[in-house]
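Reading the structure
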Amino acid sequence: MTESSNPFSLQGKHILITGASSGIGRQCAVSCDRMGARLLLVGRNQSRLVETLRMLSGSDHDYKTTDLDKIPSTYIEDLATLHGAFDGFVHSAGIEKTLPVKFLKKTDYEEVFNTNAFSAFEIIRQLCSRRTFKDGGSIVLISSITSLIARGGVCAYAASKGAINSAVRVMALELSKRRIRVNSVSPGTILTPMMKDYLASLTDDERKKRVDGFPLGIGTSEDVANGVIYLLSDASRWVTGSNLIIDGGYTAR
Amino acid sequence: METTKFIESFAEALEIEDASKISVETEFRKLDEWDSLGYLNIIAMLDEKYGIQIENVQFKQLITIEDLIRYIDDATK
């Protein structure tokens, strides 16, 4: 199939990816690169960002080390001036704080919301200009199935992902005039390093129970990245304000 | 560390109404109230009350309430 006839191609698209130094974000970078996109990778850790960059075959990608909790108000504008306006934005930066509700303090919620939701909302605000984001662009925020179903100990995380799902609908409506699409992706359990740590904290029985909930087994970050490619590409040009669940059937039960 | 005080904190974290059913010999994983959320509650309680962050590998080696108390004593020496 030639690039022009492939609706999933990202050829010529300039895409910003947060959380690109690990897990799903890193896989999104690798997969988008394969589909022909030009990438700007954002993450906290420079050496791990460079590691991601080395995994890519394209040579015109770049990276920017950033503490997402402290984004300057001209952050995106400065990036766009230097690298050109964007066609896509993937927010994959995320942290998790496993604490039962009765131990979760306001500062814990703030910390989780800052990285998982507020930093994305601020970047999107800064993308609301033709100088920084092209008409017809696509925004994909990584949510989680914990935004839809309960699981003990993940209240702050789940709430921050729920905030994403709700915001996406309003953003989709408001940005539709410029044909900018805004969607979220809700993965189930993926074997990221973050998830490996979590699974290691469970007993053998709990781990088995956790994995058994997935009719198609536990997923890979590639399974999620493929959904992200779809939402970034012109194949999904009529899809906005939606939440794509990629969970091996977990929530179907 | 005072044993009764720890048992009270332990019972509270696991939502056990009657703390008197717990003694130093209790194998806490065998309690009816013990489950994955209970585990998280104990981990969070150890952190909040005693400033102890315990790895799962180490926690797995602790079987009785007495083991927990000894661990806390060693960690807070």
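Residues numbered from 1 in each chain as written. Chains lettered and ligands numbered in written order. Predicted model: local features only at pLDDT ≥ 70, side-chain atom pairs only at ≥ 80, totals over all residues. Heavy atoms only, no water.

What follows covers the overall build of chain B. Within chain B, the secondary structure is distributed over four helices and zero strands. Taken from the N to the C terminus, the helices and strands of chain B come in the order α-α-α-α. Against the 2.2 N^0.38 benchmark of 11 Å for 77 residues, chain B shows a C-alpha radius of gyration of 11 Å, consistent with a compact globule. With the C-alpha coordinates aligned to their principal axes, the bounding extent of chain B is approximately 30 × 25 × 20 Å. Going through the 77 residues of chain B one by one, you find that 42% of them count as buried. Counting only carbon and sulfur atoms, one obtains 45% of the accessible surface of chain B, whose full area is about 4600 Å². Chain B carries 8 positive and 18 negative side-chain charges, and their two centres are separated by 5 Å. (Helix = DSSP H or I, 4+ residues; strand = E, 2+ residues; numbered from the N terminus. Rg over C-alpha atoms; globule rule 2.2 N^0.38 Å. Buried < 20%, exposed > 50% of the residue type's maximum accessible area, 1.4 Å probe, protein only. Areas by Shrake-Rupley, 256 points an atom, 1.4 Å probe, with all protein chains shown as cover. Lys, Arg positive; Asp, Glu negative; His and termini not counted. Charge placed at Lys NZ, Arg CZ, Asp CG, Glu CD.)

Let us look at the state of the cysteines. Residue and element names in this part refer to chain A. Scanning all chains against the criterion turns up zero disulfides over all chains. Among the cysteines around cysteine 32, which has no disulfide bond, cysteine 28 carries the closest sulfur, lying 5.9 Å off. Residue cysteine 32 is classed as buried on the basis of its relative accessible area of 1%. (Disulfide = S-S within 2.5 Å.)

Looking now at the environment of B:Gly38. Mapped onto the fold, B:Gly38 is located in helix α2 (residues 36-50). Taking the C-alpha atoms as reference points, B:Gly38 and B:Ala13, separated by 25 residues in sequence, lie 7.3 Å from one another.

A separate point is the interface of chain A and chain B. By a frequent convention, interface size equals the accessible area lost on bringing the separate parts together. At the interface, 14 residues of chain A touch 14 residues of chain B. In total, chain A and chain B occlude about 1000 Å² of area from one another, counting both sides; carbon and sulfur atoms represent 59% of this. For the chain A face of the interface with chain B, the top three residues by lost area are A:Pro100, A:Lys102 and A:Phe103, together amounting to 44%. Taken together, the connections running from chain A to chain B amount to two salt bridges. When the shortest N-O distance is used, the salt bridge between A:Lys102 and B:Glu15 registers 3.0 Å. Run the count over chain A and chain B and you get five residue pairs in polar contact (both at pLDDT 80 or more). In terms of residues, the side of chain A that touches chain B owes the most to one element, helix α7 (residues 204-212) of chain A, which gives three residues. Its residues assigned to classes, the side of chain A that touches chain B shows five nonpolar, four polar and five charged. (Contact = heavy atoms within 4.5 Å. Buried area = accessible area lost by both parts, 1.4 Å probe. Salt bridge = Lys/Arg side-chain N within 4 Å of Asp/Glu carboxyl O. Polar contact = N/O pair within 3.5 Å; in protein donor to acceptor, adjacent residues only side chain to side chain. Nonpolar A, V, L, I, M, F, W, Y, C, P; charged D, E, K, R; others polar.)

On to the packing of helix α1 (residues 3-13) of chain B against α2(B), then. Residues and elements named next belong to chain B. Orientation of α1 relative to α2, taken along the N-to-C sense of each, is 135°, at an axis distance of 9 Å. With respect to α2, the axis of α1 lies oblique. Taken as a pair, α1 and α2 cross one another with a handedness that is right-handed. Judged by residue contacts, Phe6, Ser9, Phe10, Glu12 and Ala13 of α1 engage Asn41, Ile42, Met45, Leu46, Lys49 and Tyr50 from α2. For the contact of α1 with α2, the per-class residue count stands at seven nonpolar, two polar and two charged. (Axes fitted to C-alpha atoms, helices over the stretch in contact; angles between N-to-C directions. Parallel < 35°, antiparallel > 145°, perpendicular 65-115°, else oblique. Left-handed = near helix turned anticlockwise from the far one by under 90°.)

This part is about the pattern of salt bridges. Residues and elements named next belong to chain A. Under the criterion given, the structure shown has 21 salt bridges over all chains. Between lysine 134 and aspartate 87 there is a salt bridge, and its shortest N-O distance comes to 3.4 Å. Taken together, the residues span a long stretch of sequence, with lysine 134 in strand β5 (residues 133-142) and aspartate 87 in strand β4 (residues 86-91) at a distance of 47 residues. Looking at lysine 134, the relative accessible area reads 37%, which means it is partly exposed. Accessibility expressed as a relative area gives 14% for aspartate 87, which makes it buried. For arginine 178, the salt bridge goes to aspartate 135, with nearest N and O atoms at 2.7 Å. Within this pair, whereas arginine 178 is found in the loop between α5 (155-175) and β6 (181-187), its partner aspartate 135 is found in strand β5, the two being separated by 43 residues in sequence. Look at the salt bridges and you will find they share partners, linking Lys97, Asp108 and Glu111 into a network.

Here we come to the pairing of strand β2 (residues 38-43) of chain A. All names here are of chain A. The element β2 is extensively covered by neighbouring structure, given that five of its six residues are classed as buried. As paired strands, strand β1 (residues 14-18) and β2 are joined by five bridges and run parallel to one another. Each bridged residue has a counterpart across the sheet, and for threonine 18 the counterpart in β2 is valine 42. Remark: the β1/helix α1 (residues 23-34)/β2 crossover connection has right-handed handedness. Across four bridges, β2 lies against strand β3 (residues 62-65) in parallel orientation. Bridge pairing links glycine 43 to threonine 65 in β3. Between the parallel elements β2 and β3, the chain passes through helix α2 (residues 46-54) in a crossover that is right-handed. (Pairing = 2+ DSSP bridges. Right-handed = clockwise from strand over helix to strand, strands pointing away.)

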